[in-house]
Amino acid sequence: MSFLANLRTLFIRYPLECFFILILSLPTLFLSHDTFYRYYQLWLVAPIAFVILYRGHALHRTAYYLSSLILPAVMAWITVQQIDLWTQPAFYVSYLIALLVLLSKDWRRENQYYVQQFLNTLINLSWAGIAALILYTACMIIIFSADTLLLNAENSLEEINRRIALFSTFAIFPLFFLYFEDKGEAALSLNRFAETIIRFILNPAILIYTAIIYIYIGRILITGEMPSNSVVHLVWPYLLTGLVIQALNCLTPNAYPKVLSLFRYLVLAPIALVWVALSIRLYHYGLTPTRIVLCATIGLTTLYYVLNLFQDKVQYRHFASLAIAMLVFLGFIYPPSKMAQQNQLARFEKSVKALNLVDNNNQPVTNFAETLQKITHGSPEATQLVMAKHALDYLEYGDADKKSFTSLEQRFGEVRLGLIKDHYFDVTDNLNLADHAVQQLEESSMEDYIDPYPLFSSNDLYLNYDLQNFKRLISLSNVEFRELTSSSDSHENNASSDNTSNQMAENTIEFTFPNSDEKLQLSVNYSQHVADVFTKHGLDIKKAYPNKVISTLTKDMLEIDTSRYLLILNSLSLQYSEEKGYELWNKPSEFFLLEKK
């Protein structure tokens, strides 16, 4: 009876919230799987709408009832438009804003009261989640037991599990939250255990971590080294942890007040360190959405610590308000993805301009490759080149719509952008562009590009043959193979000018057929095969050739003819050097065998 009385009290005290919960939760028990997922947006935005209703209840009665009319219309519009919320950053931002609004109950000026209510609401949320999980687990255990002992309807268990999980999420969880909240606003007081944790563990731990950071800062100042890339990822959580510890100390005002007074000054050096490390990374690599969010969060935390120097100025409600403003700006006004795209495009344009790779009309210069070749290691131009490469990499792989990269590709051409993306500057003392590449890459067509690592590949070459002329086709799908150690007797007819290269290129391949005792061995000398193909086409293997010539060798490169079998390779890769010419780069690992009649 008390349960029904509590439920009746909730409906009287929170009429619109309870009605909203029932309207959204009851259909989850009856809607089919397809129908639910056709209109899933309705349930995705439901938690945000619930927070607006619940907080509007306490603020103003007119706003409370007015929101009950506006929210269904907004939710219906989102559902009808079939907006893919999972791909919208604003959707996730809205959830974070709703959480902050829910936890910031009355926005009181007093920090102690604000933190108490913040933690009270958070605890009520946690208890409501635990209660819903327990009820869901209990229901599933009962249903599973009944099904196992009586019904034996295994096919329907998955659907029942889905319905109960949804009902627990959208009905039991919010109702329990309202129930715990309705208990009143009893001030949260820490018990002896929690107070001991704060006083003797958290406070000393943050000071010890501060000491470690100061030792690291001292080492930087003495040795003159640059801050490590990991500094931001280590110091940023430290700053947030310090903020949380100070908030918890509001509940224990007599616990180490001198420690808190000391910490608010000691934290200034780590803040300076994290900004130095972050600025270095931004200078070299530019903005990305992750770095923008990181900058905004660190900036907000820095503002708190600066205001914390004047204790009467710090109010946690202001910090929460600024956090919401930051989320609104990044989620709805100026998304990080757009900001990063514009920044990286501007960095690329600035770098190519500084390298004299474009003329006054921002078009690529005619001597593009020669200009790149003149850049020496350690020069200012080398830094600009690396910055252009990183910006280009982001625009190609990090930017979702790739509109900026497509525009650059149309303006510069694939070959010129390839020169910037694939340079070897990171591993050599100068820009290692071979002379033949410099001469040929000025052409706009990739056919004239001399690739130092040509790759021959075809997944369906064997389909070009009349299989009626062969006894059978053997592929890796129905045989097992392994490479055996070559012996000199097996390859007495093989020619090689380099013993090491020949040792890598000569193989005896053993094929084993499953469910059969049949085995066959095939001796292959890849280096000799490559040389024979060049000779067949009248080409000098020591000379470099453009793609339009190399591509004519594909069929012959992928075919190795023997007396009994025609071996077809899925791929074969070579490398070119001025000393040795073309030689095998990677041995093939996939084959097709056509057994001759």
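Please refer to the structure higher up on the page.
Counting of residues starts from 1 at the beginning of each chain's written sequence and follows it residue by residue. Two thresholds apply to this predicted model, a pLDDT of at least 70 for residue-level local features and 80 or more for giving and counting side-chain atom pairs, whereas whole-chain, interface and lining totals are computed over all residues. Side-chain measures were taken over the full set of non-hydrogen atoms in the model, leaving aside hydrogen atoms and water.

(A) Inspection of the packing of helix 18 (residues 380–398) against helix 20 (residues 414–421) at higher detail. In this analysis an axis means a line fitted to C-alpha atoms, helices contributing only their contacting stretch, and an angle means the value between N-to-C directions, from 0 to 180 degrees. For the purposes of this entry, the term helix denotes a DSSP run of H or I that reaches at least four residues, the term strand denotes a run of E that reaches at least two, and both are numbered from the N terminus. Contact geometry of helix 18 with helix 20 gives a least axis separation of 9 Å together with a crossing angle of 120°. Judged by the angle between their axes, helix 18 and helix 20 are oblique. Facing Leu 385, Ala 388, Lys 389, Leu 392, Asp 393 and Glu 396 of helix 18, the residues of helix 20 in contact are Leu 417, Ile 420 and Lys 421. Oblique is the label for any angle not under 35 degrees, not over 145, and not in the 65 to 115 range, which are roughly parallel, roughly antiparallel and roughly perpendicular in turn. Throughout, a contact is declared for two residues whenever any of their heavy atoms are within 4.5 Å.

(B) Region of interest: the packing of aromatic side chains. Pairing of aromatic side chains here covers Phe, Tyr and the six-membered ring of Trp, requires ring centres within 6.5 Å, and sorts the geometry by plane angle: under 30 degrees stacked, over 60 edge-to-face, intermediate tilted. With the rule as written, the count across this model stands at 23 aromatic pairs. Ring centres of Phe 36 and Tyr 37 lie 5.2 Å apart, and the angle between their planes is 90°; on these two criteria the pair is classed as edge-to-face. By relative accessible area, Tyr 37 is classed as partly exposed at 45%. Arranged with centres 5.7 Å apart and planes meeting at 80°, the rings of Phe 348 and Phe 412 form a pair that is edge-to-face. Linking Phe 348 in helix 16 (residues 336–354) with Phe 412 in helix 19 (residues 403–412), this pair joins segments that are 64 residues apart in sequence. Burial classes: relative accessible area under 20% of the type maximum marks a residue as buried, over 50% as exposed, and values in between as partly exposed (1.4 Å probe, protein chains only). Residue classification places Phe 412 among the buried residues on the basis of a relative accessible area of 0%. Ring-pair connections join several aromatic residues into one group, and the members of that group are Tyr 209, Tyr 238, Phe 263, Tyr 304, Tyr 305, Tyr 316 and Phe 319.

(C) Main features of the pairing of strand 10 (residues 591–596). Counting buried residues along strand 10, five of its six residues qualify, which places the element largely inside the surrounding structure. Bridge count for strand 7 (residues 565–569) against strand 10 is five bridges, and the pairing is antiparallel. Looking at strand 10, one finds that Leu 567 is bridged to Leu 593. Strands are treated as partners if at least two bridges between them are detected by DSSP.

(D) Spatial organisation of helix 20. Extensive coverage of helix 20 is indicated by the burial of seven of its eight residues. When helix 20 is considered as a whole, its buried residues turn out to be Val 415, Arg 416, Leu 417, Gly 418, Leu 419, Ile 420 and Lys 421. Elements in contact with the buried residues of helix 20: helix 16, helix 17 (368–373), helix 18 and helix 19.

In short, the description is geometric, and any link to function would need to be established separately.
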